Amino acid sequence: MTNGKGDRYFDAKVIVKHLRFKRDIVKELAKRLDQFDPNSCVVHLRGTDRPDGKGDWTQKCIEATKDLTYQVFVVTDQRDLWERYKEAVPHAKLVNPNSCILRIPPSNERGTHQIIPPELKKLNITKRDYVLDVLTDWVALATARQACGRTESTYFEMALS
């Protein structure tokens, strides 16, 4: 991994093979991932994926997964996107249904990842729990056999440019 720009090799499976978490973090992640099946499909609904000139990514995820007969799990930072998706794909489940991130009110001003600890405290969320929930979502995305939104989204396209 590098913090530089330019040509990068990105493959979450490679990162997962080499990344190690401390034992207390592993225990917390395991609790949050107790219902998750890595042989399923994970959908990443991002708050930054609002309809733009390239299309509505949430709708594209719905279209790509609505007819799947196996379990679909969702990671998201916005409850409204989850509710919209769940209505269209009723057999979907949240990877981490108790995620504190889903308690953060949606904002068009900035992403939930930019909320500072004093603002989190007002929502009765600790930075530690917030980071653990983000890591939980990442582990699910990185280890899932299939994913929708892992490489195709407004967020992903912005990161590449």
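In the block above lies the structure referred to throughout.
These numbers come from a predicted model, not from an experiment. (Residues numbered from 1 in each chain as written. Predicted model: local features only at pLDDT ≥ 70, side-chain atom pairs only at ≥ 80, totals over all residues. Heavy atoms only, no water.)

## Focus on the overall build of the chain
Okay, step 1: Broken down by element type, the chain carries seven helices and four strands.
Okay, step 2: Within the chain, the fraction of its 161 residues that count as buried is 38%.
Okay, step 3: For the chain, the share of sequence-separated contacts (at least 6 apart) that also reach a separation of at least 24 residues comes to 69%. (Helix = DSSP H or I, 4+ residues; strand = E, 2+ residues; numbered from the N terminus. Buried < 20%, exposed > 50% of the residue type's maximum accessible area, 1.4 Å probe, protein only. Contact = heavy atoms within 4.5 Å.)

## Things to note about the environment of valine 74
Okay, step 1: Relative to the assigned elements, valine 74 resides in strand β2 (residues 72–76).
Okay, step 2: Residues valine 74 and alanine 140, 66 residues apart in the sequence, show an inter-C-alpha distance of 9.1 Å.
Okay, step 3: Here valine 74 is in contact with Val43, Leu45, Trp82, Tyr85, Ala92, Lys93, Leu94 and Val95, once residues within four sequence places are set aside.

## Quick notes on the pairing of β2
Okay, step 1: Burial runs high along β2: five of the five residues are buried.
Okay, step 2: Residues Val72, Val74 and Thr76 line one face of β2 and the alternating positions Phe73 and Val75 line the opposite face, and both faces are buried.
Okay, step 3: Bridge count for β2 against strand β3 (residues 93–94) is two bridges, and the pairing is parallel. Each residue of the ladder has a partner; that of valine 74, found in β3, is leucine 94. (Pairing = 2+ DSSP bridges.)

## Some remarks on helix α4 (residues 79–88)
Okay, step 1: Within α4, the full set of buried residues consists of Leu81, Trp82 and Tyr85. Along the long axis of α4, the arc covered by the buried residues comes to 100 degrees, so they all point the same way.
Okay, step 2: Looking at the packing, one finds that the buried side of α4 touches β1 (41–45), α3 (57–65), β2 and β3. (Arc of directions from axis to C-beta.)

## Overview of the packing of helix α2 (residues 23–32) against helix α6 (residues 127–143)
Okay, step 1: Contact geometry for α2 and α6: axes closest at 10 Å, N-to-C directions at 65 degrees. As the angle between them shows, α2 and α6 are arranged roughly perpendicular. Handedness of the α2/α6 crossing: right-handed. Facing Asp24, Ile25, Glu28, Leu29 and Arg32 of α2, the residues of α6 in contact are Arg128, Asp129, Leu132, Asp133, Leu135, Thr136 and Val139.
Okay, step 2: Taken together, the residues of the contact of α2 with α6 break down into five nonpolar, one polar and six charged. (Axes fitted to C-alpha atoms, helices over the stretch in contact; angles between N-to-C directions. Parallel < 35°, antiparallel > 145°, perpendicular 65-115°, else oblique. Left-handed = near helix turned anticlockwise from the far one by under 90°. Nonpolar A, V, L, I, M, F, W, Y, C, P; charged D, E, K, R; others polar.)

## Details of α3
Okay, step 1: When α3 is considered as a whole, its buried residues turn out to be Trp57, Thr58, Cys61, Ile62 and Thr65. Looking down the long axis of α3, one finds its buried residues gathered within 150 degrees of arc, a one-sided arrangement.

## Topic: the packing of α3 against α4
Okay, step 1: For the pair α3 and α4, interaxial distance at closest approach is 10 Å and the crossing angle is 30 degrees. Comparing the axis directions of α3 and α4 gives the class roughly parallel. Here α3 and α4 pass one another in a crossing that is right-handed. Together, Thr58, Gln59, Cys61, Ile62 and Thr65 of α3 and Leu81, Arg84, Tyr85 and Ala88 of α4 make up the contact between the two elements.
Okay, step 2: Of the residues that constitute the contact of α3 with α4, the class distribution is five nonpolar, three polar and one charged.

## What to know about the environment of isoleucine 116
Okay, step 1: For isoleucine 116, the position within the fold is in the loop between β3 and α5 (117–122).
Okay, step 2: Looking at isoleucine 116, the relative accessible area reads 41%, which means it is partly exposed.
Okay, step 3: As a C-alpha pair, isoleucine 116 and lysine 127 span 11 residues in sequence and 8.3 Å in three-dimensional space.

Structural measurements only, silent on function.
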